[in-house]
Structure formats: structure tokens, C-alpha cells
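Listed below, chain by chain, are the residues.
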Amino acid sequence: MENYPGRKNIAIFISGRGSNLKSLIRNSKQKNSLFKISLVISNNPEAVGLKYATKSKIKNYGIKYINNSYFEKESLKILKKYDLDLLCLAGFMKILSGNFIKNFSKPILNVHPSLLPKYKGLNTHLRAIKNKDKFTGATIHKVNEKLDSGKIILQKKVRISKKDDVKSLEKKVLKIEHEIYPKAIIKFLSNL
Ligand code: GAR
């Protein structure tokens, strides 16, 4: 992949399917993309998403999850070997500790499947349907020590129709995630 002055290096953490990773890889390969994906780490060595990284010749590591502190220690050792500007969580289902955030010392972004501050945590689509919300969406935000609470970088909403169930809503929201995550990264990096 071509490199040029001003291009930023990012790392990505995933846990499973990796559709956001796939979309970010596609974006990073565009001509003059502002970011390069230097490495991918998963807390699950079996994560399907790691295959996308391998296919695109991006260094990737599956760390067998023993506990949070082991994962954080091992991933920090790897991250420190790279000259990174940003870490992006893309379907990463563990909560990073304040200690990790402090030690990593570079900004961290996350994608969340709701219109934050609504529905922090899990089962966002089910909660939106149960509450008969008219809209839901996706949010890209900075990661801080509080779950899903950092500064919002970009958000986009989508209408919930009467016919929607968790599966159809997940599909709608994922489409939005794939659209706004690269945009949010570029917006964030441009202001660094
Ligand atoms: C995405 O919907 C993402 O927003 C969500 O997990 C899914 C991962 O999909 N993340 C969280 O809920 C984080 N708390 P992907 O692996 O296909 O990108």
C-alpha cells in the first residue's frame, strides 16, 4: 500500500465478524486515503475479521483471551512497536480499562450501534424496538474511561419501520456504520 507524508497510521481492534474492518480496509485502499491500517488485533484468534486483514496483507494478531488485564498487556506490547496515530475499535466487545487508555496514550475511537447517549452497552436494537422509537442509528465516539460516553465525532440516524425486527434493524444500522466510520476517522485525523 502506498505511503506518503501526512498519511496516518491506525490500528484496529475487533472481536468477530469484522464487517466494519472490511469497510475500513476498503476505504484505506482508496487513492490518497488519509489513513493506513498498520495492524489489526483481536481478542479472539478465531475472529472471521482477521481473515480480511490477512487477505489485504495487514499484520494481524489474535490474542487468546485469558482475562482483560492479560489481553491489555499483550496488545500494548504489540501496539508500542508501531508508530500509531489512532486506535479504532470496530466491533470490539471488551471494555478497555483506564489504565490501558492512559498507557496507550493515543486517541481511541469506537463505533456503537445506537444514537448515543441513548442505549449504551448491549442489545441496542432490541431496546429501541421495545421502546417503540421512531429512529435509531450509529455513533462514532472517542473512547474514555466511561462506557460509550466519550465525545461524539459523527452520528447518523435511520428510521425504524413497524416491520423491523432486531435482524433487519441490525442490517440497516450496519450499513450506516460502514458509511460513517471512515468519514469520522478522516474528520478526527484532520483535526489532530
Ligand atoms: C457493530 O454493529 C458494532 O457497532 C457493534 O458490534 C457490531 C460489530 O460488527 N459494536 C458494539 O456493540 C460495541 N459495543 P462487525 O464485527 O461486523 O464490524
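Please refer to the structure higher up on the page.
The present account deals with the structure reproduced in this document.

The rules behind the values
Residues numbered from 1 in each chain as written. Predicted model: local features only at pLDDT ≥ 70, side-chain atom pairs only at ≥ 80, totals over all residues. Heavy atoms only, no water. Helix = DSSP H or I, 4+ residues; strand = E, 2+ residues; numbered from the N terminus. Buried < 20%, exposed > 50% of the residue type's maximum accessible area, 1.4 Å probe, protein only. Lys, Arg positive; Asp, Glu negative; His and termini not counted. Salt bridge = Lys/Arg side-chain N within 4 Å of Asp/Glu carboxyl O. Polar contact = N/O pair within 3.5 Å; in protein donor to acceptor, adjacent residues only side chain to side chain. Contact = heavy atoms within 4.5 Å. Core = buried A, V, L, I, M, F, W, Y, C linked by side-chain atoms within 4.5 Å. Axes fitted to C-alpha atoms, helices over the stretch in contact; angles between N-to-C directions. Parallel < 35°, antiparallel > 145°, perpendicular 65-115°, else oblique. Left-handed = near helix turned anticlockwise from the far one by under 90°. Right-handed = clockwise from strand over helix to strand, strands pointing away. Pairing = 2+ DSSP bridges.

Looking now at the side chain of Glu177. Mapped onto the elements, Glu177 comes out in helix α6 (residues 166-190). Although buried, Glu177 forms no salt bridge, and the nearest oppositely charged side chain, Arg17, lies 6.4 Å from it. At a separation of 2.9 Å, a polar atom in the side chain of Glu177 contacts the side chain of Asn20. Sequence-distant contacts of Glu177, that is, excluding residues within four places in its chain, are made with Asn20, Val111, Pro113, Ala138 and Pro182.

Let us now look at the nonpolar core. One broad rule of soluble globular proteins: the nonpolar side chains tend to lie buried together. One finds Ile12, Ile37, Val40, Tyr181 and Ile185 to be the most contacted residues of the largest nonpolar core, which totals 30 residues. At 8 residues, the largest contribution of residues to this core is made by α6. Apart from residues no more than four positions distant in its own chain, Ile37 is found in contact with Ile10, Ile12, Leu24, Ile25, Ser28 and Ile58. By size, the runner-up hydrophobic cluster in this structure holds 19 residues, among which are Ala11, Leu39, Ile101 and Val143.

Relative to each other, helix α1 (residues 19-28) and α6 sit at 45°, their axes nearing to 9 Å. Relative to α6, the element α1 lies oblique. In the crossing of α1 with α6, the sense of the turn from one axis to the other is right-handed. In this structure, α1 uses Ser19, Asn20, Ser23, Leu24 and Asn27 to contact α6, whose residues at the interface are Leu174, Glu177, His178, Tyr181, Pro182, Ile185 and Ile186.

Let's shift gears to the pairing of strand β1 (residues 8-14). Of all the 7 residues making up β1, 6 are buried; the element is thus mostly covered by neighbouring parts of the structure. Following the chain from β1 across α1 to the adjacent parallel strand β2 (residues 35-42), one finds a crossover that is right-handed. Direction of pairing for β1 relative to strand β4 (residues 86-89): parallel, over a ladder of 4 bridges. Within β4, the residue paired with Ile10 across the bridge is Leu86.

Right, let's talk about the environment of Leu174 for a bit. Here Leu174 shows up in helix α6. Judged by its relative accessible area of 14%, Leu174 is buried. Here the alpha-carbon distance between Leu174 and His112, two residues 62 residues apart in the chain, equals 9.8 Å. Beyond its immediate chain neighbours, meaning those up to four positions away, Leu174 contacts Arg17, Ser19 and Asn20.

Spatially, 7 strands are ordered β3-β2-β1-β4-β5-β6-β7 in an open sheet, and the strand pairing comes out mixed. The open sheet has two edge strands with one neighbour each: β3 (59-62) and β7 (152-159). Strand-to-strand twist of the sheet, defined as the mean angle between neighbouring strand axes without regard to direction, takes the value 20°. Sheet analysis places β1 next to β2, joined by 7 bridges and oriented parallel. Residue pairing in the sheet places Ile10 in a bridge with Ile37 of β2.

The omega torsion of the bond from Leu116 to Pro117 falls at 10°, within 30 degrees of zero and hence cis. Along the polypeptide, Pro117 turns up in the loop between β5 (108-112) and α5 (124-130). The backbone of Lys57 sits at a positive phi, close to 60°, despite the residue not being glycine. When you line up the elements, Lys57 lands in the loop between α2 (49-55) and β3. Look at Lys57 and you get exposed, because its relative accessible area is 77%. With a phi close to 55°, Asn123 is a non-glycine residue in the positive phi region. Of note, Asn123 is situated in the loop between β5 and α5.

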